[in-house]
Amino acid sequence: MSTIGIKRPRIGLGSAGFPRLVTVCLIVCGVILVLRALLSKRVVVKPSCIDTRFVLNLVGLVASFVLYLYLLKKLGFLITTAPLLFFAMYVFGYKKHFMNVVLSVITSLLIYYVFTIVFKVPLPRFSL
């Protein structure tokens, strides 16, 4: 939705083209998954109780993404992305804290480098 107001370049995808392409691909894949699930003949066994750990992890991830979006413009991409990645890795079961820190920092730096240097797409910077 945030790419609607961006003008199209004469050549190539531009800064709005890639997110739009990814969005369309994800929607197509989602529709395919829903259709496969609806057309499958397997019987789904419903669990008898709700897994509270799963629910807490899900709520924590959603809350962390909302906080990430709020802080992204204020603190910048690098400062906000590394903690988000660390928390997501922890929630998904990777419990080696030192390795989580190293991977989240390196991944944030690589993503920042690829988008700013290679793709020439500016990412939010620290600006209080």
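Please read all numbers here as calculations on a predicted model, not as lab measurements.

Criteria and cut-off values
- Residues numbered from 1 in each chain as written.
- Predicted model: local features only at pLDDT ≥ 70, side-chain atom pairs only at ≥ 80, totals over all residues.
- Heavy atoms only, no water.
- Helix = DSSP H or I, 4+ residues; strand = E, 2+ residues; numbered from the N terminus.
- Buried < 20%, exposed > 50% of the residue type's maximum accessible area, 1.4 Å probe, protein only.
- Areas by Shrake-Rupley, 256 points an atom, 1.4 Å probe, with all protein chains shown as cover.
- Phe/Tyr/Trp six-rings, centres within 6.5 Å; stacked < 30°, edge-to-face > 60°.
- Patch = residues over 30% accessible without salt bridge, like charges linked within 9 Å, V, L, I, M, F, W, Y side chains within 5 Å.
- Salt bridge = Lys/Arg side-chain N within 4 Å of Asp/Glu carboxyl O.

Just to check I follow, could you spell out the overall build of the protein chain for this structure?
Summing up its helical and strand segments, the protein chain has four helices and zero strands in all. N-terminal to C-terminal, the α/β element order of the protein chain is α-α-α-α. A total of 128 residues make up the protein chain; the buried ones form 17% of that total. Put simply, the protein chain shows about 10,800 Å² of open surface, and 75% of that area lies on carbon and sulfur atoms.

Looking at this structure, I do not really get the packing of aromatic side chains. What am I missing?
Where two aromatic rings form a pair, the distance of their centres and the angle of their planes describe that pair. By the definition in use, this model includes two aromatic pairs. Ring centres 6.2 Å apart and planes at 25 degrees place the aromatic pair Phe77 and Tyr112 in the stacked group. You can see Phe77 sitting in helix H3 (residues 77–91) and its partner Tyr112 sitting in helix H4 (residues 97–118), a full 35 residues away along the chain. Among the residues examined, Tyr112 registers a relative accessible area of 17% and is labelled buried. On the numbers, 5.4 Å between centres and 80 degrees between planes, the contact of Phe115 with Phe119 is edge-to-face.

Honestly, a nonpolar patch on the surface in this entry has me stumped. Any pointers?
A surface patch of nonpolar side chains, about 680 Å² in accessible area, is lined by Ile50, Phe54, Val55, Leu58, Val59, Val62 and Val66. Given a relative accessible area of 45%, Leu58 falls into the partly exposed group.

Spatial relationships are all this shows, so hold off on functional conclusions.
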